[in-house]
Amino acid sequence: MIPASALPDCPQCGTTIREAERIGVSAHVEPCGHFIPAEFFRPSHVEAGVAKELVADGGVVRSDRVAENRAAGEATERHVAAAIPELGLVPDDVVEWYDAVATTAIFPSTTLPMVGLCVIDRGVPVEIKSAQRRLSAQRRGRFYVRPEQHDRLIEAGGVYVFAVVDEDRRPLALKVVPATTFEVLIPAWLDGGEGRSDYAQLAWSKLFAQRAVERGRSA
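Cut-offs used in this document
Residues numbered from 1 in each chain as written. Predicted model: local features only at pLDDT ≥ 70, side-chain atom pairs only at ≥ 80, totals over all residues. Heavy atoms only, no water. Helix = DSSP H or I, 4+ residues; strand = E, 2+ residues; numbered from the N terminus. Buried < 20%, exposed > 50% of the residue type's maximum accessible area, 1.4 Å probe, protein only. Contact = heavy atoms within 4.5 Å. Areas by Shrake-Rupley, 256 points an atom, 1.4 Å probe, with all protein chains shown as cover. Core = buried A, V, L, I, M, F, W, Y, C linked by side-chain atoms within 4.5 Å. Pairing = 2+ DSSP bridges. Patch = residues over 30% accessible without salt bridge, like charges linked within 9 Å, V, L, I, M, F, W, Y side chains within 5 Å. Salt bridge = Lys/Arg side-chain N within 4 Å of Asp/Glu carboxyl O. Lys, Arg positive; Asp, Glu negative; His and termini not counted. Charge placed at Lys NZ, Arg CZ, Asp CG, Glu CD. Phe/Tyr/Trp six-rings, centres within 6.5 Å; stacked < 30°, edge-to-face > 60°. Lys NZ or Arg CZ within 6 Å of the ring centre and 35° of its normal. pLDDT = per-residue confidence, 0-100. 1 Å grid on protein atoms, 1.4 Å probe; cavity = no way out; pocket = protein on both sides within 12 Å on 5 of 7 lines; lining within 4 Å. Points joined across faces, edges and corners; volume = space filled by probe spheres on them. Nonpolar A, V, L, I, M, F, W, Y, C, P; charged D, E, K, R; others polar.

1. Notes on the overall build of the protein chain
Within the protein chain, the secondary structure is distributed over five helices and 11 strands. Split into buried and exposed, the 219 residues of the protein chain put 46% on the buried side. Within the protein chain, contacts between residues at least 6 apart in sequence are counted, and of these 51% link residues at least 24 apart. Element-wise, carbon and sulfur atoms account for 48% of the exposed surface of the protein chain, whose accessible area totals about 10800 Å².

Printed below as a string of structure tokens:
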């Protein structure tokens, strides 16, 4: 747990944050219980000893933690591509706003249900989003989406592959949702803070049946 005496207000509800617990690239804040990007915090918000424990892009940075999170994301992408052989991964140094492309037509199945689609055509860009089944204190993980990336996916007719993953980043459940369809599921774009991208977050239970995920199934 990361206590601090001068934390900002929660960007979701406006409640003054009393404590922040880092969970990967997010922070769980009290007393409101929301998850927010750890990048929301700035050095001025926290004492020096506490600041070093928070992860941020362009704010408080720990290179080892950033590298760890990048490695976890890449591991998830590899596992998802192994589960969906028709996906070809695209490195970030080639394109940053999607993770893969359909190398041939992809059809729905019992392990890969699709929302509002009967096929993903060859060449369609695919963004892979993952959430852990359980975080600390048994809380469910959440998917995070950024508006700039989301808008580009819509323009390109792209889709999301959402994956609920275990501790080893292996997918327990997968689901394809077109970016245009996911638009209606976004509760709100939240302010990421000065100089940082806005974001939206969605608990995996909004897309997957809890019992199915606990059994390691997609439906």
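This is not the end of the story, as more comes after the structure.
2. Quick notes on the nonpolar core
Core analysis: the largest hydrophobic core is formed by 22 residues, its most contacted members being F143, Y160, F162, F182, W204 and F208. Those elements that provide at least two residues to this core are β8 (142-145), β9 (159-165), β10 (171-178), α4 (179-182) and β11 (200-203). Here the element with the most residues in this core is β9; it accounts for three residues. Core analysis: the next-biggest nonpolar cluster, separate from the first, contains 18 residues, V80, I120, V159 and V176 among them.

3. Brief notes about the side chain of E127
Relative to the assigned elements, E127 resides in strand β7 (residues 125-132). Those residues in contact with E127 that sit more than four places away from it in its chain are W97, Y98, D99, Q149, L153, V159, Y160 and V161.

4. Remarks on unusual backbone geometry
With phi around 70 degrees, R169 is a residue other than glycine that occupies positive phi space. Its location among the elements puts R169 in the loop between β9 and β10.

5. Description of the pairing of β10
For a regular strand, side chains alternate in direction, first toward one face of the sheet and then toward the other. For β10, the buried fraction is high: seven of the eight residues fall into the buried class. Where β9 and β10 come together, seven bridges link them in antiparallel fashion. Bridge assignment links A163 to a residue of β10, and that residue is L174. The turn linking β9 back onto β10 is made up of five residues, and R169 within it adopts a positive phi angle of 70 degrees.

6. Considerations on a negative patch on the surface
On the surface, E148, D151, E155, E183, D191 and D198 cluster together to form a negatively charged patch. On the secondary structure map, E148 appears in helix α3 (residues 147-155). You can call E148 partly exposed: its relative accessible area is 48%.

7. A short note on the packing of aromatic side chains
All told, the structure shown has seven aromatic pairs when counted by the stated rule. Following the ring pairs from residue to residue traces out a cluster consisting of F143, Y160, F162, F182 and F208. Sitting above the plane of the W204 ring, R140 keeps its charged end 5.4 Å from the centroid.

8. Details of the environment of G141
Relative to the elements of secondary structure, G141 occurs in the loop between β7 and β8. By relative accessible area, which is 1% here, G141 ends up buried. In this structure, the C-alpha to C-alpha distance between G141 and S205, residues 64 residues apart in sequence, is 9.0 Å. Ignoring sequence-local partners within four residues, the contact set of G141 consists of A131, Q132, R133, L135, A203 and W204.

9. Concerning the confidence of the model for the protein chain
Detailed reading of the predicted coordinates is not advisable wherever pLDDT is low. The predicted model of the protein chain has a mean per-residue pLDDT of 81, with 77% of residues at 70 or higher. In this model residues 47-63 is a low-confidence stretch, pLDDT under 50, and it forms 38 contacts with partners more than four residues away in sequence or in other chains.

10. Concerning the layout of surface pockets
Each pocket or cavity is described by its volume, and for the second largest pocket that value is around 170 Å³. Lining the second largest pocket we find R70, E74, E77, R78, L89, V90, P91 and D92. Of all the elements, helix α2 (residues 63-83) adds the most residues to the lining of the second largest pocket, at four residues. Its residues placed into classes, the lining of the second largest pocket shows three nonpolar, no polar and five charged.

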